[in-house]
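Structural characterization, general
Here are the chains, one letter per residue:
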Amino acid sequence: MTESQRRIILSVEDIHVFYGAIHAIKGVSLEVREDEIVTLIGANGAGKSTTLNAITGLLKPRSGKIVYDDKLISGKKASKIVPMGLCLCPEGRRIFQQLTVRENLDMGGYTRSRSEIRESMDEMFERFPRLKEREKQIAGTLSGGEQQMLAMARALMARPKLLMLDEPSMGLAPILVEQIFDIIKELHGSGVTILLVEQNARMALSVADRAYVMETGVITMTGKASALLHNDAVQKAYLGN
Amino acid sequence: MDIMSVIINGLSIGSIYAIIALGYTMVYGIAKMLNFAHGDVIMVGAYTFFAAAHARNLNGPAGPLIAVLIAIVLCALLGMAIEFLAYRSLRQAPSLAVLITAIGVSYLLQNVMQTVMSLDGVDRFFKNVLGVVISENNDKPIFGADTKMITDLVNMQSLDIHLSETLTIPGLAIVTIAVNLVIVVLLSLFVNYTKMGKAMRSVSEDRSAAQLMGININRTITVTFAIGSALAAIAGILYCAFPHELVPTTGSIPGIKAFIAAVIGGIGSIPGALIGGLLLGFVEQLSRSVLPVTELTDAVVYSVLIIVLLFRPTGLLGKKIREKV
């Protein structure tokens, strides 16, 4: 199937987000098609996380439209959006440090039935055997890499159709970064659409189909990830060449 | 001084403080606010019990128990209403605004109760509108602005245990301590093992991450208020049975003491509320029996708070506040 035939699963149309008087997102539009990996790259403070938070309902855009799975979701609360299959694995992992690994996964499946949770839990333990070993451990005692895996597994417990990952490689050793990106590819292979925000632009562009480049609240460039990887401006600004 | 009676009294008044402190600590842990109107919910609970127990329809042997249930349900609804009307719109407001609002709600409850009790024709309202006759057996009206006592409504002398000629464990003390233990055990099970309990702990730790799980924050906070206020009703009845006089300001003192108990134990911690409450009750009873002037008792109680906070600023079982990276 060619790219243009795939169904649009998420479309963000000209959203503006404010933090008090600060105009953080100034008219961002982007779209994600079914079965794609789309990445959003940019410097610190460009508004990448804010964009994701607005999509998931943690922040309310002052204007603009967000349509997911043919339904208007801008203005809806996260507790209404998550059960629709749109999940965010937030920046800095944000696992529940004082809950056990198992309880964290339980919470990931909060909107689903008990039997569905059990089924997904088994899946997660199969995919992440380390989490199975640490099932009863308090999550705050896990290592950084394990915490990132827990955060991703927790988001997957909701069985998302579209998974948004915010800086999954942040603060991890290179070998763990490789591992996280392997998992992202695997997830994509199993039919999850992914919107990935990353500072590690090289890694992000190498796994993504398409990419958006963001600068101070606006999208400045967009295109095929492979093309952006070789674009001079992108190389200079984000790839350190 | 009789050490056994100090222990028994300390444990029972301490249990009451603990039950109230649980409400403070849960609301603080999950909604991150100090609900200073909590003490006044205690008073509403005691008044509700007082009125319900005088309802002629509840004259049977199960009457007082049904009156307790009515008080519990009414206070749970009151707690939910307070949260919805007064606090919900202040979720993002600075904590000082929330605190002042809570104090306002506290005065509101006291004054409304004062007004309701001194209104003419409250008993006629119950009789004509709700079809409930509320009066003493000799038809003497029970409403009015005077001080009420509920001691004859909660007579538990049949449960007294006589250990020796001089030492009796009052039935009320046994019931109070038992109720407290049952509440703490049930609450711990609820918070640790149910879906709602886990959601509460998640909200307590990281509200926006909890939202990302699809947890409805408002509903979680509403349930917290309902539980805390239901516990306040139970505590109010036990407190007035102890006995204490029932007036519209009855809730203030136990409210403040229980707040101190929650802080001593480590606010936000359920076992902390239990330990803080029992410790405070014990210290209070001990100083009352040792000190030459009973007026000094409260000074001793408040000193315990200062001493504990000097050495453990987050309370006995409080969590260390972790710096965010």
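To keep things clear, this report deals only with the structure shown in the data block. Fair warning: this is a prediction, and the values are worked out from it, not measured in the lab.

1. Overview of the overall build of chain A
- When you go through chain A residue by residue, the secondary structure sums to 10 helices and 10 strands.
- Computed over C-alpha atoms, the radius of gyration of chain A comes to 17 Å, within 12% of the 18 Å expected from 2.2 N^0.38 for 241 residues, which places it in the range of a compact globule.
- With the principal axes as the frame, chain A shows a C-alpha extent of 45 × 40 × 40 Å.
- Of the contacts made within chain A by residues no fewer than 6 positions apart, 68% connect residues no fewer than 24 positions apart.
- Put simply, chain A shows about 10,400 Å² of open surface, and 50% of that area lies on carbon and sulfur atoms.

2. Side note on helix α6 (residues 171-193) of chain B
- With 23 residues, α6 of chain B extends 33 Å from end C-alpha to end C-alpha; this agrees with the ideal 33 Å at 1.5 Å per step.
- Along α6 of chain B, the positions that sit buried rather than exposed are Gly171, Leu172, Ala173, Thr176, Asn180, Ile183, Val184, Leu187 and Val191 of chain B.

3. Let's talk about the state of the cysteines
- The final tally for this structure, using the stated rule, is zero disulfides over all chains.
- The structure places no disulfide on cysteine 89 of chain A, whose sulfur is separated from the nearest cysteine sulfur, that of cysteine 87 of chain A, by 9.7 Å.
- Looking at cysteine 89 of chain A, the relative accessible area reads 1%, which means it is buried.
- Free of any disulfide, cysteine 75 of chain B has its nearest neighbouring cysteine sulfur in cysteine 240 of chain B, separated by 11 Å.

4. Observations concerning the packing of aromatic side chains
- Counted under the stated rule, the structure contains six aromatic pairs over all chains.
- Ring centres of phenylalanine 126 of chain B and phenylalanine 143 of chain B lie 5.8 Å apart, and the angle between their planes is 5°; this geometry places the pair in the stacked category. Remark: phenylalanine 143 of chain B occurs in the loop between α5 (122-130) and β1 (161-162) and phenylalanine 126 of chain B occurs in helix α5; sequence separation between them is 17 residues.
- Residue classification places phenylalanine 143 of chain B among the buried residues on the basis of a relative accessible area of 16%.
- Each member of the aromatic cluster is reached from another via a ring pair, and the members are Tyr24, Phe36 and Phe259 of chain B.
- Against the face of phenylalanine 18 of chain A rests arginine 62 of chain A, its NZ or CZ located 3.7 Å from the ring centre.

5. Some points on the interface of chain B and chain A
- On the chain A side, the residues contacting the 20 residues of chain B number 22 residues.
- When chain B packs against chain A, close to 2,100 Å² is buried across both sides, 56% of that on carbon and sulfur atoms.
- When the buried surface of chain B facing chain A is broken down by residue, Glu205, Leu212 and Met213 of chain B rank first, second and third, together holding 35% of it.
- Counting across the chain B and chain A interface gives three salt bridges.
- For the interface between chain B and chain A, the tally reads eight residue pairs in polar contact (both at pLDDT 80 or more).
- Where the side of chain B that touches chain A is concerned, the elements lending two or more residues are α7 (195-205) and α8 (207-212) of chain B.
- Among the elements that take part in the side of chain B that touches chain A, α7 of chain B stands out by supplying six residues, more than any other.
- A per-class count over the side of chain B that touches chain A returns six nonpolar, seven polar and seven charged.

6. A few points about the nonpolar core
- Judged by nonpolar contacts, the single largest core of 129 residues is most densely connected at Leu10, Ile55 and Leu195 of chain A together with Phe49, Tyr87 and Ile150 of chain B.
- The contacts of leucine 10 of chain A, once residues within four sequence positions are left out, are Leu30, Glu31, Val32, Ile55, Ile66, Val67, Tyr68, Leu162 and Leu195 of chain A.
- Counting residues in hydrophobic clusters, the runner-up holds 51 residues, among them Leu131, Ile180, Phe181 and Ala204 of chain A.

7. Description of empty space enclosed by the protein
- Tallying each qualifying case throughout the model produces two cavities of 30 Å³ or more.
- Taken as a whole, the largest cavity encloses approximately 40 Å³ of empty space.
- For the largest cavity, the full set of lining residues is Val82, Cys87, Leu88, Gly108, Arg154, Ala155 and Ala158 of chain A together with Leu212 and Met213 of chain B.
- Those elements that provide at least two residues to the lining of the largest cavity are β6 (86-89) and α6 (144-156) of chain A.
- Partitioned by chemical class, the residues of the lining of the largest cavity number seven nonpolar, one polar and one charged.
- Put simply, the second largest cavity is a space of about 40 Å³.
- Every residue along the wall of the second largest cavity is listed here: Tyr47, Gln114, Met117, Gly144, Ala145, Asp146 and Pro248 of chain B.

8. Some thoughts on the pattern of salt bridges
Residue and element names in this part refer to chain A.
- Tallied over the entire structure, the rule returns 26 salt bridges over all chains.
- Between aspartate 69 and lysine 71 there is a salt bridge, with its nearest N and O atoms 4.0 Å apart.
- Among the ionic contacts, a cluster of salt bridges with common partners joins Arg7, Glu34, Asp69, Asp70, Lys71 and Lys161.

9. Some thoughts on the pairing of strand β4 (residues 63-68) of chain A
All names here are of chain A.
- The pairing of strand β1 (residues 8-19) with β4 spans five bridges and is classified as antiparallel. By the bridge assignment for β4, valine 12 is matched with isoleucine 66.
- Summarising the sheet, β4 and strand β5 (residues 71-72) pair through two bridges and their orientation is antiparallel. Among the inter-strand pairings, valine 67 is bridged to a residue of β5, identified as leucine 72.

10. What about the layout of surface pockets?
- Space inside the second largest pocket adds up to approximately 850 Å³.
- In terms of lining, the second largest pocket is formed by 33 residues, of which the most central are Gly57 and Leu58 of chain A together with Gln92, Ser208 and Gln211 of chain B.
- Taken together, the elements giving at least two residues each to the lining of the second largest pocket come down to α1 (48-56) and α2 (78-81) of chain A together with α7, α8 and α9 (217-241) of chain B.
- Here the lining of the second largest pocket takes five residues from α8 of chain B, the largest share from any one element.

11. A look at the side chain of threonine 250 of chain B
Residue and element names in this part refer to chain B.
- Residue placement: threonine 250 occurs in the loop between α9 and α10 (252-265).
- On the accessibility criterion, threonine 250 (8% relative accessible area) is buried.
- Here glutamate 245 takes part through its backbone oxygen, which lies 3.0 Å from a polar atom of the side chain of threonine 250.
- If sequence neighbours within four positions are ignored, threonine 250 has contacts with Met43, Tyr239, Cys240 and Glu245.

12. Here's the deal with the sheet that holds β6 of chain A
Residue and element names in this part refer to chain A.
- Reading across the sheet, the six strands line up as β6-β7-β8-β3-β9-β10 and stay open at both edges, with mixed pairing between neighbours. Because the sheet does not close on itself, it has two edges, and the strands there are β6 and β10 (218-224). On average, each strand axis in the sheet is inclined to that of its neighbour by 15°, with strand direction left out of account.
- Those strands touched by α1 are β3 (37-42), β6, β7 (162-166), β8 (193-198) and β9 (210-215), and its axis lies near 150° from that of β7.

Conventions and cut-offs
Residues numbered from 1 in each chain as written. Chains lettered and ligands numbered in written order. Predicted model: local features only at pLDDT ≥ 70, side-chain atom pairs only at ≥ 80, totals over all residues. Heavy atoms only, no water. Helix = DSSP H or I, 4+ residues; strand = E, 2+ residues; numbered from the N terminus. Rg over C-alpha atoms; globule rule 2.2 N^0.38 Å. Contact = heavy atoms within 4.5 Å. Areas by Shrake-Rupley, 256 points an atom, 1.4 Å probe, with all protein chains shown as cover. Expected span 1.5 Å × (residues − 1). Buried < 20%, exposed > 50% of the residue type's maximum accessible area, 1.4 Å probe, protein only. Disulfide = S-S within 2.5 Å. Phe/Tyr/Trp six-rings, centres within 6.5 Å; stacked < 30°, edge-to-face > 60°. Lys NZ or Arg CZ within 6 Å of the ring centre and 35° of its normal. Buried area = accessible area lost by both parts, 1.4 Å probe. Salt bridge = Lys/Arg side-chain N within 4 Å of Asp/Glu carboxyl O. Polar contact = N/O pair within 3.5 Å; in protein donor to acceptor, adjacent residues only side chain to side chain. Nonpolar A, V, L, I, M, F, W, Y, C, P; charged D, E, K, R; others polar. Core = buried A, V, L, I, M, F, W, Y, C linked by side-chain atoms within 4.5 Å. 1 Å grid on protein atoms, 1.4 Å probe; cavity = no way out; pocket = protein on both sides within 12 Å on 5 of 7 lines; lining within 4 Å. Points joined across faces, edges and corners; volume = space filled by probe spheres on them. Pairing = 2+ DSSP bridges. Axes fitted to C-alpha atoms, helices over the stretch in contact; angles between N-to-C directions.

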